[in-house]
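Chain residues, written in single-letter form:
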Amino acid sequence: MSLISLKRKIWIRLGLVSGFVILADQITKYIIKINLSLYDTIIVIENFFNIIHILNPGGAFGFLASESLEIRKFIFLFMSSLVAFFVLFCYKKCALNHVFLSYGLALIFGGAIGNLIDRFRYGKVVDFLDFYTGSAHWPAFNIADSAISVGMGILIYHILLNKIPDF
């Protein structure tokens, strides 16, 4: 296979993985928005898992949630854009020779774009997956957050095993 077709293949991989994450994220958020009023809950597994409609104005774990909409939008849009460009830079450097890592970066990229779309549209992120035991709740999250977490797990795996390419 020629180098040009290999390079094309890595960008197709990014488009497919990230595109799937973005599509799944946006479809599930749309389904939640049209079927559940804000703060409504569907108990899926008693004392363990609910589906809930929440709008998260902050970042992970409510970071900056109490700041004004303008400040949150600026910070999150700026930071998300920086992260997206950095992930693309890393992806370009590693995708040819580090396939597993490239999947992780594509998951991170797709998740970042999925949440970025919400920030542009609503100024907040739609979250709906609610895991808990007793009164201990994990913060609600969504498909984009899940993809970012899995992608970060793959990235951490590569860092711990010193399988990161030189940038």
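Residues numbered from 1 in each chain as written. Predicted model: local features only at pLDDT ≥ 70, side-chain atom pairs only at ≥ 80, totals over all residues. Heavy atoms only, no water.

1. A short note on the side chain of Asp118
Stated formally: Runs of E in the DSSP output that reach at least two residues are strands. Runs of H or I that reach at least four are helices, and both are numbered from the N terminus. Residues adjacent in sequence count toward polar contacts only when both atoms are side-chain atoms; beyond that, a polar contact is any pair of N or O atoms within 3.5 Å, and within protein one must be able to donate a hydrogen and the other to accept it. Here, two residues are considered to be in contact whenever any of their heavy atoms come within 4.5 Å of each other.
Structurally, the position occupied by Asp118 is in helix 3 (residues 99–122). A polar atom in the side chain of Asp118 sits 2.9 Å from the backbone nitrogen of Val126. Setting aside residues no more than four positions away along its own chain, Asp118 makes contact with Gln26, Lys29, Gly123, Lys124, Val125 and Val126.

2. A closer look at the sheet that holds strand 3 (residues 125–133)
The condition is simple: When DSSP locates at least two bridges between a pair of strands, those strands are taken to pair. Helix axes are fitted to C-alpha atoms over the stretch in contact, other axes to C-alpha atoms as well, and angles between N-to-C directions run from 0 to 180 degrees.
One open sheet holds the four strands; their spatial order is 1-2-3-4, and the pairing between them is antiparallel. A single partner strand is all that each edge strand has here, and the edge strands are strand 1 (41–45) and strand 4 (136–137). Alignment of strand 2 (residues 49–56) against strand 3, held across six bridges, turns out to be antiparallel. Residue pairing in the sheet places Ile51 in a bridge with Leu129 of strand 3. Along the sheet face, helix 1 (residues 3–35) touches strand 2 and strand 3 and points at about 85° away from the line of strand 3.

3. Considerations on the nonpolar core
Formally: Definition of nonpolar core: a set of buried residues of the types Ala, Val, Leu, Ile, Met, Phe, Trp, Tyr and Cys, connected through side-chain atoms within 4.5 Å. Think of it in three bands: residues with accessible area under 20% of the maximum for their type are buried, residues over 50% are exposed, and the middle band is partly exposed, with areas taken using a 1.4 Å probe on protein chains only.
Counting 19 residues, the largest nonpolar core has Tyr91, Leu105 and Leu107 as the members making the most contacts within it. Taken together, the elements giving at least two residues each to this core come down to helix 1, helix 2 (69–94), helix 3 and helix 4 (143–160). No other element matches the six residues that helix 3 contributes to this core. Non-local contacts of Leu105, meaning those with residues more than four positions away in its chain, are made with Val87, Cys90, Tyr91 and Cys94. Ranked by size, the runner-up nonpolar core spans seven residues in total, among them Ile32, Leu36, Leu129 and Phe141.

4. A closer look at a nonpolar patch on the surface
This is how it is decided: Note that patches include only residues with greater than 30% relative accessible area and no salt bridge, and the join distances are 9 Å for like charges and 5 Å for nonpolar side chains (Val, Leu, Ile, Met, Phe, Trp, Tyr). All accessibility values rest on the Shrake-Rupley procedure with a 1.4 Å probe; residue burial counts only the protein chains present in the view. Just to be clear on terms, a salt bridge is a Lys or Arg side-chain nitrogen sitting within 4 Å of an Asp or Glu carboxyl oxygen.
Judged by side-chain polarity, Phe100, Met152, Ile156, Tyr157, Leu160 and Leu161 come together as a nonpolar surface patch covering roughly 590 Å² of accessible area. Take the nonpolar patch: its biggest share by element is four residues, from helix 4. Summarising the element assignment, Leu160 is placed in helix 4.

5. Here's the deal with the environment of Asp166
Relative to the helices and strands, Asp166 resides in the segment after helix 4. We classify Asp166 as exposed; its relative accessible area is 77%. It is 20 Å that separates the C-alpha atoms of Asp166 and Leu14, two residues lying 152 residues apart in sequence.

6. Re the packing of helix 3 against helix 4
Heads up, the condition is: In these notes the angle categories are as follows: under 35 degrees is roughly parallel, over 145 is roughly antiparallel, 65 to 115 is roughly perpendicular, and the rest is oblique. A crossing counts as left-handed when the near helix is turned anticlockwise from the far one by less than a right angle, and as right-handed when that turn is clockwise.
Relative orientation of the contacting elements helix 3 and helix 4 amounts to 150°, with a least axis distance of 7 Å. Comparing the axis directions of helix 3 and helix 4 gives the class roughly antiparallel. Between helix 3 and helix 4 lies a crossing of left-handed hand. Judged by residue contacts, Phe100, Leu101, Gly104, Leu107, Ile108, Gly111, Ala112, Gly114 and Asn115 of helix 3 engage Ala144, Asp145, Ala147, Ile148, Val150, Gly151, Met152, Ile154, Leu155, Tyr157 and His158 from helix 4.

7. What to know about the environment of Ser37
Mapped onto the fold, Ser37 is located in the loop between helix 1 and strand 1. Since its relative accessible area comes to 46%, Ser37 is described here as partly exposed. As for Ser37 and His158, which are separated by 121 residues in sequence, their C-alpha atoms are 41 Å apart.

Purely geometric numbers; function is a separate question.
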